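Below are the chains, spelled out letter by letter.
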Amino acid sequence: MRAILLAGLCLSPLLATPVLAQVQQNNPNAANQSMENNNQLRSLRQEQTTQGNTLRMEIQRNQAATPAPNTGPNAVAPIGGGTGIGR
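Residues numbered from 1 in each chain as written. Predicted model: local features only at pLDDT ≥ 70, side-chain atom pairs only at ≥ 80, totals over all residues. Heavy atoms only, no water.

What follows concerns the overall build of the protein. Secondary structure summary: the protein contains three helices and zero strands in total. Listing the helices and strands of the protein from first to last along the sequence gives α-α-α. Going through the 87 residues of the protein one by one, you find that 10% of them count as buried. When the accessible surface of the protein is summed, it comes to about 7,600 Å², and 58% of that surface belongs to carbon and sulfur atoms. (Helix = DSSP H or I, 4+ residues; strand = E, 2+ residues; numbered from the N terminus. Buried < 20%, exposed > 50% of the residue type's maximum accessible area, 1.4 Å probe, protein only. Areas by Shrake-Rupley, 256 points an atom, 1.4 Å probe, with all protein chains shown as cover.)

The structure is reproduced here in structure tokens:
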């Protein structure tokens, strides 16, 4: 999952060049191609955001599921709980 995220982050600057956003006047399909490129870039950004949010959520879930060690004044006393002095 992390490899996909890193690969997407590395490729996005290469795809987001200003040349793709420009429309050539002598090409009748240029506007369609430009919109298609913009949609693809938007889709990639959305996928990256989704993957990043999913990864962040998994990390938070793992941290929340890990119990902290119970030490200090609120530690559970041994079974019997007595002072060791019999009556």
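After that view, the rundown keeps rolling.
Compared with an ideal rise of 1.5 Å per residue, which puts 36 residues at 52 Å, helix α3 (residues 30–65) spans 52 Å between its outermost C-alpha atoms and is within 8% of the ideal. All of the buried residues in α3 are Ala30, Ser34, Leu41, Gln48, Gln51, Gly52 and Leu55. (Expected span 1.5 Å × (residues − 1).)

Turning to the confidence of the model for the protein, a few remarks are in order. Per-residue confidence for the protein averages 76 on the pLDDT scale, and 53% of its residues sit at or above 70. Mean pLDDT values for the elements of the protein range from 55 in helix α2 (residues 18–21) up to 94 in α3. (pLDDT = per-residue confidence, 0-100.)

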